[in-house]
Amino acid sequence: MTDAAAKEIHSFQTEVGQLLDIVAGSLYSNQEIFLRELISNASDACDKLRYEALTNPKLTADNPDFKIEIAIDKKAKSLSISDNGIGMNRDDLLATLGTIARSGTTSFLEGLKSAQSKTDDASASLGLIGQFGVGFYSAFMVADSVDVLTRKAGEDVAWLWSSDGKGEFSVEPAERGSRGTTVTLHLKKEAKEYLEDARIQHIVKTYSDHIGFPVTLGEDTLNAASALWTRAPKDISEEQHTEFYHHIAHAFDQPWMTLHNKVEGLVSYTNLLYIPSSPPFDLYEPERKSHVKLYVNRVFITEDAKGLMPAYLRFLRGVVDSEDLSLNVSREMLQTDPKLAKIRTGLSRKVISSLEKKATKDAQDFASFWENFGAVFKEGLVEDGPLREKILEVCRFSSTHGDALISLADYVERMKKGQEAIYYIAGDDAEKIIKSPHLEGFRAKGIEVLLLADPVDEFWLQHVTEFEAKPFKSITRGAADLDSITDEEKSDDKKDEPDLQALDGLIAAIKLELGDIVKDVRPSKRLTDSPVCLIADDGDMDVNLERILQRHGQLKTAMPRILELNPSHGIIVKLAERANRDGATGDELLKDSAYLLLDQARILDGEAPADLSEFGRRLNSVLNSAL
Ligand code: ADP
Ligand code: MG
């Protein structure tokens with residue numbers, strides 16, 4: 001059947017070409033993972049066919065026992081990995097081995113290139129390669145050329161795919177006695193070590209022991225060949241967990257937390273879930289895809305079962321296996337099965353309570369989780385109404401009281417006498433907000449303020465209005481009445497109350513000059529060092545939320561703010577005196593100062609003055625009159 005005329009030559013998709021250049025040209029210290037990738041593909045292919053065979057048992061009737069065979073040909077210097085899984089037809093080959101059909105490919109490649117040019121640290125780029133799942137192409141790390149002989153289950157024609165990884169590949173009809181795929185690597189001279197039985201045995205044991213199908217070399221079965229999650233937790237070593245996690249998550253880090261449970265009840269299931277110790281690259285992709293694999297009675301169903309895990313737990317990796325879900329329905333129907341929703345709730349509770357335990361027991365270790373995934377986890381405050389309280393208990397925050405992350409319970413415990421609200425300030429940069437003038441009065445009184453620097457903070461604050469009956473209150477919005485709060489630690493030496501009436505003239509002059517640009521001008525209780533700050537009015541949108549919406553084009557015009565003046569500040573006191581003099585109307589210096597104060601408040605908030613050239617002119621004119 002093979003005739004030369006039927007041989008087609010195709011070019012790799014540009015991105016694959018670039019990727020192969022990087023993969024083939026690098027000397028990775030642990031290039032041996034190519035074998036893990038190929039075995040994992042073989043295992044995936046068996047999983048896929050086992051699923052198809054549920055509805056079409058004929059597909060596996062002639063050969064029901066799945067297996068993966070490794071063969072070494074020392075003479076030909078080749079290594080092959082064969083499976084009797086689902087196989088590929090011509091269309092499958094063209095669609096999968098020659099392209100990367102993933103979003104984010106270009107940015108991934110750029111990341112990879114810069115990681116390689118910046119450091120010679122192969123593990124960094126290798127980590128990226130693994131996470132992205134360029135699995136199959138890793139064969140070119142050790143092979144000059146690769147052949148894939150494959151026949152799809154249920155079809156008669158087999159196909160041979162070949163490539164030397166240099167831009168092109170060929171596809172032609174071929175012969176294969178039965179379904180499945182054989183990947184043959186023609187090894188590079190430097191990769192002869194993979195012709196040694198002992199080396200292969202060791203690699204399989206190291207990386208693929210948990211694979212649920214037997215992996216053989218000659219007569220020997222090299223792996224344990226039982227699904228890891230079906231074993232008793234006490235029988236699984238840390239190394240085995242790490243290896244399984246690497247396989248299932250395409251990762252290279254250690255699992256930060258392992259959750260292995262067997263749950264018996266109305267719906268019974270086993271979960272083996274891992275929380276990574278470093279953030280996966282797709283964490284903030286708009287799809288917010290979950291990566292927990294669903295099995296029914298050890299039969300793989302799907303990689304991202306919608307409805308199995310909530311999006312705010314998308315950092316989890318691993319498997320869930322249930323006997324109580326129906327095997328004989330489509331993936332789509334399974335996803336709407338109310339039993340799946342029960343599993344989701346059970347799992348969410350379990351994850352949240354495990355996190356809570358960890359957070360109380362080992363705050364330092366928990367901080368690393370929070371750094372990686374806190375912003376994602378907080379999405380649950382918006383999306384998971386029923387578990388909101390529990391989620392809130394796990395949440396940790398930076399605050400003005402030192403470097404340690406705190407819980408809301410910690411905060412409430414430390415609240416000052418007379419303090420009613422949980423104060424926070426939100427912004428997009430933690431380093432910047434901690435310098436904000438709005439904090440001055442709170443600092444002076446020793447009142448703790450939460451520093452919220454994740455964009456999601458603004459959104460959960462719309463849903464969570466209080467904790468233990470204490471309302472959340474932004475210190476950049478509304479009035480700040482700090483007078484009723486007392487600081488027990490500081491002696492009560494009452495400072496001279498500033499004369500607020502003296503400010504009336506200045507306030508009137510500024511209002512007149514600025515007009516609609518500001519909503520109001522008033523004396524401030526929250527400032528000690530800075531002369532001015534801007535505040536959102538009580539009913540208005542908070543400053544930071546407005547900024548976020550503007551950045552995303554969801555809001556065109558900004559709302560006018562309230563300009564607050566520090567009645568004790570030298571400049572304000574002097575300007576007030578000047579405003580109270582006769583003939584103050586028409587005083588150019590007062591007029592310029594009004595704008596300069598506003599611009600200064602803007603600058604302190606990390607914004608630009610409204611009109612840079614006017615700002616310069618006014619500054620010069622004020623300086624000039626002072627000199
Ligand atoms: P991934 O496994 O993450 O999808 P790979 O690069 O490892 O990425 O494999 C690409 C695709 O090639 C697979 O998704 C699968 O469709 C196909 N493939 C690779 N190896 C096999 C195999 N042994 N049997 C069937 N299909 C395979
Ligand atoms: Mg793969």
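Residues numbered from 1 in each chain as written. Chains lettered and ligands numbered in written order. Predicted model: local features only at pLDDT ≥ 70, side-chain atom pairs only at ≥ 80, totals over all residues. Heavy atoms only, no water.

S.K.: How would you sum up the overall build of the chain? Please name residues and give values.
M.R.: A tally of regular secondary structure across the chain gives 22 helices and 22 strands. Compactness check: the chain gives a C-alpha radius of gyration of 32 Å against a globular reference of 25 Å for 627 residues, more than 25% above the reference. For the C-alpha atoms alone, the extent of the chain along its principal axes is close to 105 × 55 × 40 Å. Every one of the 627 residues in the chain was classed for burial, and the buried ones make up 51%. Once local pairs closer than 6 in sequence are excluded, the contacts in the chain between residues at least 24 apart make up 71%. (Helix = DSSP H or I, 4+ residues; strand = E, 2+ residues; numbered from the N terminus. Rg over C-alpha atoms; globule rule 2.2 N^0.38 Å. Buried < 20%, exposed > 50% of the residue type's maximum accessible area, 1.4 Å probe, protein only. Contact = heavy atoms within 4.5 Å.)

S.K.: Please give an account of the sheet that holds strand 22 (residues 561-565) that cites residues and values.
M.R.: As summarised here, the arrangement of the three strands in space is 20-22-21, forming an open sheet in which the pairing is mixed. Each of the sheet's edge strands pairs with one partner strand only, and the pair in question is strand 20 (518-523) and strand 21 (532-535). Direction aside, the axes of adjacent strands within the sheet are offset by 25° on average. Set on the sheet, helix 18 (residues 504-514) makes contact with strand 20 and strand 22; between it and strand 20 the angle comes to about 165°. With respect to the sheet, helix 21 (residues 588-604) is in contact with strand 20, strand 21 and strand 22, its orientation differing from that of strand 21 by roughly 70°. (Pairing = 2+ DSSP bridges. Axes fitted to C-alpha atoms, helices over the stretch in contact; angles between N-to-C directions.)

S.K.: Describe the packing of aromatic side chains, naming the residues involved and giving the relevant values.
M.R.: In this structure the tally under the stated criterion is 26 aromatic pairs. Look at Phe397 and Trp460: their rings are 6.0 Å apart centre to centre, the planes differ by 50°, and that puts the pair in the tilted class. In this pair, Phe397 is assigned in the loop between helix 13 (388-394) and strand 15 (398-399) and Trp460 in helix 17 (residues 455-460), connecting sequence segments 63 residues apart. Using a relative accessible area of 2% as the deciding quantity, one classes Phe397 as buried. Through pairs of rings, three or more aromatic residues link up here, namely Trp256, Tyr312, Phe315, Phe366, Phe369, Trp370, Phe373 and Phe377. Here the guanidinium or amino end of Lys358 rests over the ring plane of Trp256, the centre of that ring lying 5.3 Å away. Geometry around Tyr595 places Arg618 over its ring, the cationic atom sitting 3.8 Å from the centre. (Phe/Tyr/Trp six-rings, centres within 6.5 Å; stacked < 30°, edge-to-face > 60°. Lys NZ or Arg CZ within 6 Å of the ring centre and 35° of its normal.)

S.K.: Now, about helix 11 (residues 363-377): what can you tell me, with residues and values included?
M.R.: Its 15 residues give helix 11 an end-to-end C-alpha distance of only 17 Å, which falls more than 12% under 21 Å, the value for a rise of 1.5 Å per residue. Of all the bends in helix 11, the largest measures some 55° and sits at Glu371. Phe366, Phe369, Trp370, Asn372, Phe373, Gly374, Ala375, Val376 and Phe377 are the residues of helix 11 that are buried. Each element contacted by the buried residues of helix 11 is listed here: strand 10 (255-263), strand 11 (269-276), helix 10 (338-361), helix 12 (379-383), helix 13 and helix 17. (Expected span 1.5 Å × (residues − 1). Bend = angle between axes of the 7 residues up to and from the residue.)

S.K.: Describe in detail the environment of Leu597, supporting the description with residues and values.
M.R.: Its location among the elements puts Leu597 in helix 21. For Leu597, a relative accessible area of 6% corresponds to the buried category. Placed 73 residues apart in sequence, Leu597 and Ser524 show a C-alpha to C-alpha distance of 14 Å.

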